[in-house]
Amino acid sequence: MNTAREGSGARAGAGRSLAASPLVCIFCRAPVPGRTKTRLAAAIGDERAAALSSAMLLDIVTTLTADGLDVRAAAADPIDVGTLRALLPGIDVHSQPEGDLGARMSAVLEQLVSASGRTAAIVGADAVLIRPELVRRAGEAIVGGADAAICPASDGGYSLIAAARPVPALFRAISWGSAHVLDQTLSRASAAGLRVALLEDLDDIDVVEDLARVTENSALSRSSVAVRTRHLCSALSVGARGS
């Protein structure tokens, strides 16, 4: 396996091609108190955690669709589909297939690339700092010869994975939710002879301390990324270190 760390300077204009504009599928749950962001809820309560879950999901959809990317959502539980369709009008929402997280991701990725003939990317619903150019960079990496492109997260996992063909080997025998997800994924890639492009880190929001990445990032104040989430954190007085 060749593992390449992609630089931040994408080829100007190349990401605008269809081939390098992946379909994006957000893996998500309906923002229902008590059923979403439970680790965050342990610190700030079910209602506020659900409100933040809703804000993050809406921010991701708004950020990506505003740049012309094709976005759809995959609900973790079939009972969430109706709620998510109401929350995300105009977005194609379906339930995820059965199985563990790896089996579900593998099946959805295969469905998307098989139906469209294009690169597809799966993104977590708490990767609120995602930017359209990062998705397009994943597409460029695939066009450039990578079998998959991944945005690592600082917790040892990843927040985005993209491919243009089924890559089931990358999702087998992974300790999902652990600090070993990325290392295990790269090991599976190596064993299968797959080339993985590692893009820049993209952290997600799992616990209250993670919110500081949103509230204390001065660059965000000049961008359209995570607008709802930033405003809600301010209104709820959460996210500052030490709060």
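Provided above is the structure to which this section pertains.
Residues numbered from 1 in each chain as written. Predicted model: local features only at pLDDT ≥ 70, side-chain atom pairs only at ≥ 80, totals over all residues. Heavy atoms only, no water.

Peer 1: Which parts of the structure should I look at to understand the pattern of salt bridges?
Peer 2: When the charged atoms of two side chains lie near each other, side chains of opposite charge can form a pair. All told, the structure shown has 12 salt bridges when counted by the stated rule. The partner of Asp126 in a salt bridge is Lys37, with the nearest N and O atoms 2.9 Å apart. With Asp126 in the loop between strand 5 (120-124) and helix 5 (132-143) and Lys37 in the loop between strand 2 (23-28) and helix 1 (38-44), this pair connects stretches of sequence that are 89 residues apart. What makes Asp126 buried here is its relative accessible area of 13%. A salt bridge links Asp210 to Arg213, with the shortest nitrogen-to-oxygen separation between them at 3.1 Å. You can call Arg213 partly exposed: its relative accessible area is 26%. Sharing partners across several salt bridges, the network here consists of Arg131, Glu133, Arg137 and Glu200. (Salt bridge = Lys/Arg side-chain N within 4 Å of Asp/Glu carboxyl O. Helix = DSSP H or I, 4+ residues; strand = E, 2+ residues; numbered from the N terminus. Buried < 20%, exposed > 50% of the residue type's maximum accessible area, 1.4 Å probe, protein only.)

Peer 1: Please clarify how the packing of aromatic side chains should be interpreted in this entry.
Peer 2: Aromatic ring pairs are reported here in terms of the distance separating the ring centres and the angle at which the planes meet. Applying the stated criterion to the full structure yields one aromatic pair. Taking 6.5 Å as the distance between ring centres and 80° as the angle between the ring planes, the aromatic pair formed by Tyr158 and Trp176 counts as edge-to-face. Of this pair, Tyr158 sits in strand 7 (residues 158-163) while Trp176 sits in the loop between strand 7 and helix 6 (181-192), and the two are 18 residues apart along the sequence. Judged by its relative accessible area of 22%, Trp176 falls in the partly exposed class. (Phe/Tyr/Trp six-rings, centres within 6.5 Å; stacked < 30°, edge-to-face > 60°.)

Peer 1: I keep staring at the pairing of strand 4 (residues 92-95) and nothing clicks. Help me out?
Peer 2: Residues in a regular strand project their side chains so that they alternate between the two faces of the sheet. As paired elements, strand 3 (residues 71-75) and strand 4 share four bridges and run parallel to each other. Its bridge partner being in strand 4, Arg72 is matched across the sheet by Asp92. For the segment spanning strand 3, helix 3 (residues 81-87) and strand 4, crossover handedness is right-handed. (Pairing = 2+ DSSP bridges. Right-handed = clockwise from strand over helix to strand, strands pointing away.)

Peer 1: Please explain unusual backbone geometry as it appears in this structure.
Peer 2: Leaving glycine aside, a negative phi is the common case for residues, and trans is the common case for peptide bonds. Its identity as a non-glycine residue notwithstanding, Ala226 has a phi of 60°, on the positive side. Classification of Ala226 by relative accessible area gives buried; the value is 0%.

Peer 1: Explain the side chain of Asp59 to me, please; I cannot follow it from the model alone.
Peer 2: The residue Asp59 is located in helix 2 (residues 46-65) in this model. Setting aside its immediate chain neighbours within four residues, Asp59 contacts Val128, Ala226, Val227, Arg228 and Thr229. (Contact = heavy atoms within 4.5 Å.)

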